[in-house]
Number of protein chains: 10
Amino acid sequence: MITDRSQVTNLIISKKVAKAIKWTQVAEVVGQSKEWSTAACLGQMAMNKQQAEAVGALFELEDEAIAWLQIAPYKGSLPTAVPTDPLIYRWYELISVYGTTLKELIHEEFGDGIMSAIDFSMDLNREADPKGDRVKVVMSGKFLPYKTY
Amino acid sequence: MITDRSQVTNLIISKKVAKAIKWTQVAEVVGQSKEWSTAACLGQMAMNKQQAEAVGALFELEDEAIAWLQIAPYKGSLPTAVPTDPLIYRWYELISVYGTTLKELIHEEFGDGIMSAIDFSMDLNREADPKGDRVKVVMSGKFLPYKTY
Amino acid sequence: MITDRSQVTNLIISKKVAKAIKWTQVAEVVGQSKEWSTAACLGQMAMNKQQAEAVGALFELEDEAIAWLQIAPYKGSLPTAVPTDPLIYRWYELISVYGTTLKELIHEEFGDGIMSAIDFSMDLNREADPKGDRVKVVMSGKFLPYKTY
Amino acid sequence: MITDRSQVTNLIISKKVAKAIKWTQVAEVVGQSKEWSTAACLGQMAMNKQQAEAVGALFELEDEAIAWLQIAPYKGSLPTAVPTDPLIYRWYELISVYGTTLKELIHEEFGDGIMSAIDFSMDLNREADPKGDRVKVVMSGKFLPYKTY
Amino acid sequence: MITDRSQVTNLIISKKVAKAIKWTQVAEVVGQSKEWSTAACLGQMAMNKQQAEAVGALFELEDEAIAWLQIAPYKGSLPTAVPTDPLIYRWYELISVYGTTLKELIHEEFGDGIMSAIDFSMDLNREADPKGDRVKVVMSGKFLPYKTY
Amino acid sequence: MITDRSQVTNLIISKKVAKAIKWTQVAEVVGQSKEWSTAACLGQMAMNKQQAEAVGALFELEDEAIAWLQIAPYKGSLPTAVPTDPLIYRWYELISVYGTTLKELIHEEFGDGIMSAIDFSMDLNREADPKGDRVKVVMSGKFLPYKTY
Amino acid sequence: MITDRSQVTNLIISKKVAKAIKWTQVAEVVGQSKEWSTAACLGQMAMNKQQAEAVGALFELEDEAIAWLQIAPYKGSLPTAVPTDPLIYRWYELISVYGTTLKELIHEEFGDGIMSAIDFSMDLNREADPKGDRVKVVMSGKFLPYKTY
Amino acid sequence: MITDRSQVTNLIISKKVAKAIKWTQVAEVVGQSKEWSTAACLGQMAMNKQQAEAVGALFELEDEAIAWLQIAPYKGSLPTAVPTDPLIYRWYELISVYGTTLKELIHEEFGDGIMSAIDFSMDLNREADPKGDRVKVVMSGKFLPYKTY
Amino acid sequence: MITDRSQVTNLIISKKVAKAIKWTQVAEVVGQSKEWSTAACLGQMAMNKQQAEAVGALFELEDEAIAWLQIAPYKGSLPTAVPTDPLIYRWYELISVYGTTLKELIHEEFGDGIMSAIDFSMDLNREADPKGDRVKVVMSGKFLPYKTY
Amino acid sequence: MITDRSQVTNLIISKKVAKAIKWTQVAEVVGQSKEWSTAACLGQMAMNKQQAEAVGALFELEDEAIAWLQIAPYKGSLPTAVPTDPLIYRWYELISVYGTTLKELIHEEFGDGIMSAIDFSMDLNREADPKGDRVKVVMSGKFLPYKTY
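Residues numbered from 1 in each chain as written. Chains lettered and ligands numbered in written order. Predicted model: local features only at pLDDT ≥ 70, side-chain atom pairs only at ≥ 80, totals over all residues. Heavy atoms only, no water.

Now for the overall build of chain A. A tally of helices and strands in chain A yields six helices and two strands. With respect to the three principal axes, the spread of C-alpha positions in chain A is 50 × 50 × 30 Å. The proportion of buried residues among the 149 residues of chain A is 60%. Contacts spanning at least 24 positions in sequence make up 51% of the contacts within chain A whose residues lie at least 6 apart. Carbon and sulfur atoms make up 50% of the accessible area of chain A, which totals about 5,400 Å². For chain A, the centre of its 16 positive side-chain charges and the centre of its 19 negative side-chain charges are spaced 2 Å apart. (Helix = DSSP H or I, 4+ residues; strand = E, 2+ residues; numbered from the N terminus. Buried < 20%, exposed > 50% of the residue type's maximum accessible area, 1.4 Å probe, protein only. Contact = heavy atoms within 4.5 Å. Areas by Shrake-Rupley, 256 points an atom, 1.4 Å probe, with all protein chains shown as cover. Lys, Arg positive; Asp, Glu negative; His and termini not counted. Charge placed at Lys NZ, Arg CZ, Asp CG, Glu CD.)

See below:
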C-alpha cells in the first residue's frame, strides 16, 4: 500500500532507470512541456486523469499509484535548506548573489510586488556556442503587485 | 574609515534614495548591462577603475569608497539562508520545487556536469500580456562537464 | 544619514511611543485600512508620495526618511525563524497545527494552487462575547492555480 | 501493531486517495465543521468515541486505529521549521510580513495579551470574484490578557 | 533617543548594579509579586502608568524610558534557542526530559488542551532542607481545552 | 531483537492505547509517584529490577524489554530543539519569557549556582477554580552553589 | 527494487568489507585514478557503461545496480553541514581557518573569479618524512573569471 | 581602545585597500610564505614580536594593534557555517563531494587517524594551461594515527 | 547483510543488555583500557584482527560483524549538535563555560597550538569523598604547535 | 555606562594585552586557582568583593566594572553552538567521539545520574614527554544520582 507521494516518485525513477526512458518521451505522452511533465512526475505538480493514466502506462504503474498522481502533492523536492548537489547549488548561489539585484530591477520596472512562482513557465534549451555550449533557461512569471486596502 | 564593503553598499543605496537615481542610469555610466551594474553596486561583483570612478561620480563617493569598489567582494547578498523577502523567496521556492527537474533535464541533455554561475549572464525584461504583464528572465550559463581523471 | 529601512521603522516606533499616537490615527492620515497602514509603517509595504508625506508630517520625519518610505522594502518583520513573542508564536502554531488542513481544504475546493499573499487583504476586529471578547481576523486572498505549460 | 499516531494519519490519507472520499463527507459523519474534522483526521485534534467510530467506519479502520484517534496527539503537522510547500509557505510569509502588524493592532485594541490558538475556530470558504475567486478564511480566537500577580 | 525596549532593560540592569537595588525592593514599589515585577523590568510584561513611574523613580529613568515600560514588548528573553547559561539550561533540560511526561499527565487528568502560559502565575521560594536548601517553584496556569467547532 | 530503548517506549505506548491503562495505575504497580513512573516508562529514568518487572507484567512485555527498562537511557524526549506540540511549547515559552527572571531571583536569594535538575522532584495536580480549573505544578530542586577552587 | 543511489553505495561498501577489496584494485578495473574511482563508487560521479560493468563484476552487483551507476547522482556525501568525523572535520577546519586566505591570494593572482570544483582533479599520496609521514594532496582546478556583460 | 582581534583585521584590510599593498609584499616583510602571512594578518595565526612590528610598520598600525597581532586569536574566518561566497563555497563543495573519498583513501594508505590541520603547510600557485590557467594548491599535513591505550 | 557500522554497535549493545556483560570485562578480552575498548565497541575506534575476534567471541557476533569492527568508522557518537542527554550535556556545558579559559591557559603555557584529540588518552575513576563520591577524569593529549612556513 | 558583562570581559582582555599581564599573576591576586580566576575574569563566574577589587586594581578598572564582576553572569563563552576555534573544537570533538563512552562508563560505575558541572574543579598542567610535551587536564565533579520520588 502506498502511504506517501514520494513512494510514487521513487517508483517512477526506479522504472525510468531500469527501462531507460527519457523525459522528452514522458512529455510526449503527457502532452505538456518537458519541464512541467518532469516536475509533475517528481511530485511537484498534480496531473489530471488522462495525464496520470498515460504516465501510468509508460512506467507500468498500478492503479493506486495513478490515483496518487492526481493529488496535489506536498511540494519541495530537496532534502536540505541549502542544497548539497553542485548543479542545484549553483542555482541557489545565483539567488544568493543576484537576489537583491532581481529585487531592485523588478521594483524599478514594476513597483512593489512579486514575480509569481505559480503562474509561471520555464523553458530549458541548449545554446550552441563555439567556446562551449551553454544552458539557456527562460523563465516567465506574472507580475503581481501588492494590493492596497 | 571604511572597514567593510557593505558600508559602501549602504552608502550607495542611501544616496540612490536621496537623489532618486535609477539603476538604468547607473548602467549607462558603467557601460554594462543593468543586471551586472546593479549586482556590482550591491557588492557582488568587482568593478575596474573606470567603472568605479563613474559610479563614484554619480553617487558622490569619496576616494576610499571608490577603491573598495575595485576589490573582489565577499559575495552573498541575503541576510538569511532561507530568504524572508517575498520577492526573493519566490526564486528560492522555484529551486525548491523545480530543482530536481532542472537537474534531470540538464543531465538528459548534457550528461553529468553543471551550469556555470560564473560564466553566466542574465537579462530581465517586462513581457506585455493582456492578462497582466509578466517578468521575463533569460539566464545563460556555460555547461561545465565533470572531468574524469 | 539613513542607510537602512529599519532605521525608519525604529524612528516611527520611537516617536509613536513618545507622542502616544494610535495606529487608527495613522490609518486616517494614510487613507487606507489600519492593517495596511501599520504594515507599511513597520517596513513591509511601500507607500506612495502622498501617503509618505502624511506619515512624515504625523511623526515629524525628515525628508530622507520620507524618501525611504516610498522604496519597496526588504520584507520580513521577525528576528527569528520561529518567533519568540507569544502573540506572534500563536499564529505560527496555527500554521504548524492547521497547515496541512488548510492545504487539504483549499485543494478540495479549488484544485492545485495557492492562496495569494500579495493580492491579499486582512481585517482585524474585536468580537464581543460574554465568555470573553474574541479577536476576529478575516483574511482574503486570490486563488492562483498552478499553470500547466 | 500501531506504535505511532502518524501511522493512522497515513492510513487515512491512503484510504482517502484510494476511495476518493472528500473532507466534507468526513465532516458530515463526524458532525463537526470540515476544518476541525480534517485537522482531527490529520492528527492535530483528539476525537471522542463516537467521532472516532464514525471515521473508522468511513475509512474501514481497525479497532486499534480507532483507539488511537481518541488519544491527544503530539501535534505539529509540518516536517520543517520553515514550510517548503508553496501553499503552506504563503501562510508562513503572512506571519513574517504581518506578524508585528498583528501584534501592534491587537495590543492597541486589547492591551497586552494573546489571541488563543486553543479556544479558536476557523472557517474557510470560496469568495466569488469576477477578477478570480478568492479564498476567504475567518479566524476567531479568544483574547487572553496577561495576568498580573 | 530610545529605539528599542531592550535599551530600557539594559539601563535598568546597569542602574541596578550601580545602586545595588534588590528585586524585592522593586516589587515593593511596583506593588506586585517579585516574579512579575522582575519579568516586567526585564522587558517581558507591560506595566501600567503608575507602575512604570514607580520603577522610573527607583532607577532614575527619563520620561522616554518610562513611556517604553508601558508598551507591550516583543517578548523572549534569551539570546539562543537552546540556552547556554547553566541555570536556565537546567529548566530547558527539565522540559526535554519531562516534556512528554507533562503532556501525558495533563491529558490524563484534563483531556486534550494546554496549560496557559498567559493566565499564569509563578512563586519562587527557598525551601530549607538539612541536606542542602532547595529552590521551590510553584507554577499555576489555567487549563484551556481545545475547542470543537 | 530490541536495539534501541525507544522501541520499548513505543511498545508501552502502543499497549497503553490498546488496553486503556492509566498512568496512575502504572504508578501504583511501580510504587513511585505518577510523575516519576511516567517519565521512567517514556525512557527518561532507569528502573530497578522490581519496578521493571511490575511494568513488564502490566504491559505484557517480554524479558528483553524488561532488561532494557533497567538501563540508564539516552535521555531527551522531544524530536526538535524548539518543541512543536502546543502543550509542551507553552513550557518552552515560559522559559523563554521567564528565564532571565528565574535567574535573577534565584541569584538574589541564593547567590551564583543552579537549581538541580537531577536532585529534583515534581508534583502535578488539578487546582479547582470557579473561573476554570488550573494545572498546578510544584517543582523542587536542590540548590547547588558554584564551587570556588 | 533499488529506489535510491545510496542503496548501491551501501551495497558496494558492504561487499568491499566482506571481500576485503582495496580502492586501488577498483581504480585498476575502472581505468581511472583511485581518487575519481572511489568518488564514483561512493555516489559522487557518474560512470560510463564500461566502467559500471567492471565495477559490477568486481563487487558482484546485479544489472539494476549497474544501471544506477551510470546515472548522474544527487551529490553530497556527508550527513551533516558541519562534519562530525575527525578526519573530514580537519578539512572543514582548513576552510574555516584558511578560507579568506585562499580568497585573497587567488584574487591577487587571478582577479575576481573562482577555482572550478568541476574541471578539477586531485592526487593524494604519502610523503615520507623522518618526523612522521605526511599526507600530501595536490588539487588543481581551472580558474574561471567572472564574466562582465 | 581595541577590544577584539577582528578590529585589527579590519584595520589591516582597510589600510591595504587604501594603500594598494599586495600580500606578496606582506610576506616579504614578514619573512614567511604568502599563505601563512596572509592567514596571520587575517587573524588566524599568532605572529612573533618581529613579524608583528614589520606588519605594523607596513600598515602604519599603533602599538596596541601590534600587541594584538602577537596574541593567539580565536580562529575561524567565515561568517556562516556554510559559506556564501562562491570562491570559498567551491572548497566547501569539494569536501561535501570528496569528503568520504579522502577518508577512504587516507585510511587505506595509513590506517585509522587524521591528517593534521596544525602541522600543515599550503602552497598556492598559477598553473599555466592552454585551455585556461589553473589554480594549483598543494597541501601537506602530518598523518597522526589514533593512539591505543 | 550489514551495510552500516552502527548496526554492529546496536548488535553489541543489544547483546550486552541481554547477557549483562560489563565494559570492564570487554576491556579484559580486548587487552586495552576500558575507555578505549568502550569507544571502539561504540564505533569510534578501529580494532585490529585479534581485538575484533575477541569482541566477536564475547558478544557472539558473526564474521561479517567482526570484519566491520576492523574498519576505520565514520566517527561522531551523538544524534544532535547540542547533546540532549543530561550526563553528556554537562560535558558540553563545561566547554561552553570553560572553553575560552582552556584556550587562554594552554596558550599562556604552550603558545599558539592545540591539544591533540588523536594522540590522546583518558582515564575515568571513582574518587571517594565523604561529601559524596566524585567522578575523576584525567585527560592527556599531546600539544601540537602551529607550524610556521 | 556599562550595560553588559561582556564589556567588562573586553576591557580586561584589552588591558591584559596592553600591559602583558599573565593569568598566573591574576590568580595570585585573586587567591584562587588559575583555572577559576581566568574563568571568572572571562565572565563565567561571580567574584566576591575582595576578589573583584583585586582584579580591578590589577587591570585599573573603574568602580562600575568592579561592581559587575560581583554579579552572577549570563554564562556561555562561545559565539557558536559548534565552536570554530581549532583548540576549543578539539574538546567538542572529544565529546562527540567519547560522549557515549563517558556515559556508559559512569553509569557502569555509579548507576544513573550525572557528573556535576557546578560542584566541579579543574587543573591544567604541562606533562613533560620526550615525544613532545602533553597537556594534562584533571577534572573532578561530584556524582549526582537521579532522585526517585
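Back to the text.
Another aspect to go through is the relation of the copies chain B and chain A. What connects the two chain copies is a rotation about an axis and a shift along it. The two copies are related by a screw operation: chain B maps onto chain A through 180 degrees of rotation and 0.0 Å of translation along the axis, at an RMSD of 0.1 Å. Both chain copies can therefore be described as sitting about a two-fold axis. Using C-alpha coordinates, one finds that chain B approaches the rotation axis most closely at Val138 of chain B, a distance of 2.2 Å. Of the residues that chain B buries at the interface, 100% are likewise interface residues in chain A, meaning the two copies contact each other through the same surface. (Least-squares fit on C-alpha atoms with pLDDT ≥ 70 in both.)

Each partner contributes to the interface: chain B provides 68 residues, whereas chain A provides 68 residues. Our count for the chain B to chain A interface comes out at six salt bridges. For the salt bridge of Lys103 of chain A with Asp85 of chain B, the shortest nitrogen-to-oxygen distance reads 2.9 Å. Linking chain B with chain A are 32 residue pairs in polar contact (both at pLDDT 80 or more), by the criterion used here. (Salt bridge = Lys/Arg side-chain N within 4 Å of Asp/Glu carboxyl O. Polar contact = N/O pair within 3.5 Å; in protein donor to acceptor, adjacent residues only side chain to side chain.)

It is worth spelling out the UniProt feature "active site" (unreviewed entry) in chain A at this point. Residue and element names in this part refer to chain A. Under the feature "active site" (unreviewed entry), the UniProt entry names Arg90, Glu93 and Ser116. One can find Glu93 in helix H6 (residues 86–110). Mapped onto the elements, Ser116 comes out in strand E1 (residues 113–127). Since its relative accessible area comes to 2%, Ser116 is described here as buried. Among residues more than four places away in sequence, those in contact with Ser116 are Gly141, Lys142 and Leu144. (UniProt positions renumbered as here; feature names shortened; annotations may be inferred.)

By the assigned domains, chain A splits into domain 1 (5–68) and domain 2 (86–145). Centre-to-centre separation of domain 1 of chain A and domain 2 of chain A, based on C-alpha positions: 26 Å. (Domains from an automatic or database assignment.)

Moving on to the relation of the copies chain C and chain E. With an axial shift of 0.0 Å and an RMSD of 0.0 Å, the rotation relating chain C to chain E amounts to 72 degrees. Both chain copies can therefore be described as sitting about a five-fold axis. Within chain C, the C-alpha atom positioned nearest to the axis of rotation is that of Thr80 of chain C, 8.5 Å from it.

This next bit is on the interface of chain C and chain E. Across the contact, 16 residues belong to chain C and 16 residues belong to chain E. Across the chain C/chain E interface, buried area totals approximately 1,200 Å², and carbon plus sulfur atoms make up 60% of it. Among the residues of chain C in contact with chain E, Ser14, Val17 and Asp85 of chain C are the three that bury the most area, contributing 36% of the side total. Across the chain C-chain E interface, the total number found is zero salt bridges. The interface formed by chain C and chain E contains four residue pairs in polar contact (both at pLDDT 80 or more). Listed by contribution, the elements that provide at least two residues to the side of chain C that touches chain E are helix H1 (5–19) and helix H6 (86–110) of chain C. Grouping the amino acids of the side of chain C that touches chain E by side-chain chemistry returns nine nonpolar, three polar and four charged. (Buried area = accessible area lost by both parts, 1.4 Å probe. Nonpolar A, V, L, I, M, F, W, Y, C, P; charged D, E, K, R; others polar.)

The subject of this paragraph is the pattern of salt bridges. In the structure shown here, the tally under the stated rule is 98 salt bridges over all chains. Among the ionic pairs, Glu93 of chain A bridges to Arg90 of chain H, the shortest N-O distance being 2.6 Å. Note that Glu93 of chain A is positioned in helix H6 and Arg90 of chain H in helix H6 (residues 86–110), a pairing that runs across two chains. Like Glu93 of chain A, the residue Arg90 of chain H is buried in the burial classification. The partner of Arg126 of chain G in a salt bridge is Glu109 of chain H, and the shortest N-O contact between them spans 2.9 Å. Linking Arg126 of chain G in strand E1 (residues 113–127) with Glu109 of chain H in helix H6, this pair reaches from one chain into another. Each of Glu109 of chain A together with Arg126 and Asp133 of chain B takes part in a single network of salt bridges with overlapping partners.

It is worth spelling out the pairing of strand E1 (residues 113–127) of chain B at this point. Residues and elements named next belong to chain B. Here E1 runs beside strand E2 (residues 134–145); their pairing, made up of eleven bridges, is antiparallel. For Glu127, the partnering residue across the bridge sits in E2 and is Arg134. Hairpin geometry of E1 and E2 is characterised by an intervening segment of six residues between the two adjacent antiparallel strands and by a positive phi of about 120 degrees at Gly132. (Pairing = 2+ DSSP bridges.)

Right, let's get into helix H4 (residues 49–59) of chain G. Because each turn of an α-helix spans 3.6 residues, side chains separated by three or four positions in sequence point in the same direction. All names here are of chain G. Listed in full, the buried residues belonging to H4 are Gln51, Ala52, Val55, Gly56 and Phe59. For H4, the angular spread of the buried residues around the axis is 135 degrees, confining them to a single face. Residues of H4 that are exposed and point more than 90 degrees away from the buried face comprise Lys49, Gln50 and Ala57. Looking at the packing, one finds that the buried side of H4 touches helix H1 (5–19), helix H2 (23–30), helix H3 (34–41) and helix H5 (63–68). The residue sitting at the N-terminus of H4 and contributing the capping side-chain oxygen is Asn48; that oxygen lies 3.3 Å from the backbone nitrogen of Gln50. (Arc of directions from axis to C-beta.)

This part takes up the packing of aromatic side chains. Applying the stated criterion across every chain yields a total of 40 aromatic pairs over all chains. The ring of Phe110 of chain C carries the charged tip of Arg126 of chain D above its face, separated from the ring centre by 4.3 Å. (Phe/Tyr/Trp six-rings, centres within 6.5 Å; stacked < 30°, edge-to-face > 60°. Lys NZ or Arg CZ within 6 Å of the ring centre and 35° of its normal.)

For the rest of this paragraph, the subject is unusual backbone geometry. Negative phi characterises most residues that are not glycine, and trans characterises most peptide bonds. All names here are of chain B. Of note in the backbone geometry, Glu60 takes a positive phi value of approximately 55 degrees without being a glycine. Within the secondary structure, Glu60 sits in the loop between helix H4 (49–59) and helix H5 (63–68). Assessed through its relative accessible area of 54%, Glu60 is described here as exposed.

Residues and elements named next belong to chain A. At Tyr98, H6 shows its strongest bend, of approximately 60 degrees. Taking burial as the measure, the 25 residues of H6 include 22 buried ones, the bulk of the element. One side-chain oxygen of the residue at the start of H6 lies 3.1 Å from the amide nitrogen of Leu87, identifying that residue as Asp85. Phi turns positive, to about 85 degrees, at Gly111, one or two residues after H6. (Bend = angle between axes of the 7 residues up to and from the residue.)

What follows concerns the sheet that holds E1 of chain G. Pairing is antiparallel across the open sheet formed by four strands, whose spatial order is E1(G)-E2(G)-E2(H)-E1(H). Every interior strand has two partners, whereas the edge strands, E1 of chain G together with strand E1 (113–127) of chain H, have only one. On average, each strand axis in the sheet is inclined to that of its neighbour by 20 degrees, with strand direction left out of account. (Axes fitted to C-alpha atoms, helices over the stretch in contact; angles between N-to-C directions.)

This brings us to the side chain of Ser37 of chain J. Mapped onto the secondary structure, Ser37 of chain J falls in helix H3 (residues 34–41). Other than its neighbours up to four places away in sequence, Ser37 of chain J contacts Val26, Ala27, Val30 and Gln32 of chain J.

When the UniProt feature table is mapped onto this chain, "domain: Cyanate lyase C-terminal" (unreviewed entry) is found at residues 77–149 of chain A. In the segment residues 77–149 of chain A, helix accounts for 34% and strand for 37%; the C-alpha atoms at its two ends are 35 Å apart.

Before going further, it helps to examine the arrangement of the chains. At the level of C-alpha atoms, the two units chain F and chain G stay apart, their nearest approach being 16 Å. Separated without contact, chain C and chain I have their nearest C-alpha atoms at a distance of 18 Å.

If you trace the four strands from one edge of the open sheet to the other, you get E1(C)-E2(C)-E2(D)-E1(D), paired in antiparallel fashion. The sheet is open, and its two edges are formed by strand E1 (113–127) of chain C together with strand E1 (113–127) of chain D, each paired on a single side. Put simply, the sheet's adjacent strands are angled 20 degrees from each other on average, direction ignored. Across the sheet, helix H6 (residues 86–110) of chain D touches E1 and strand E2 (134–145) of chain C together with E1 and strand E2 (134–145) of chain D, and the angle it forms with E1 of chain C is around 20 degrees.

It is worth spelling out the environment of Ala39 of chain A at this point. With respect to the helices and strands, the residue Ala39 of chain A is situated in helix H3 (residues 34–41). By relative accessible area, which is 0% here, Ala39 of chain A ends up buried. Apart from residues lying up to four places away in sequence, Ala39 of chain A is in contact with Gln44 and Met45 of chain A together with Tyr98 and Thr101 of chain B.

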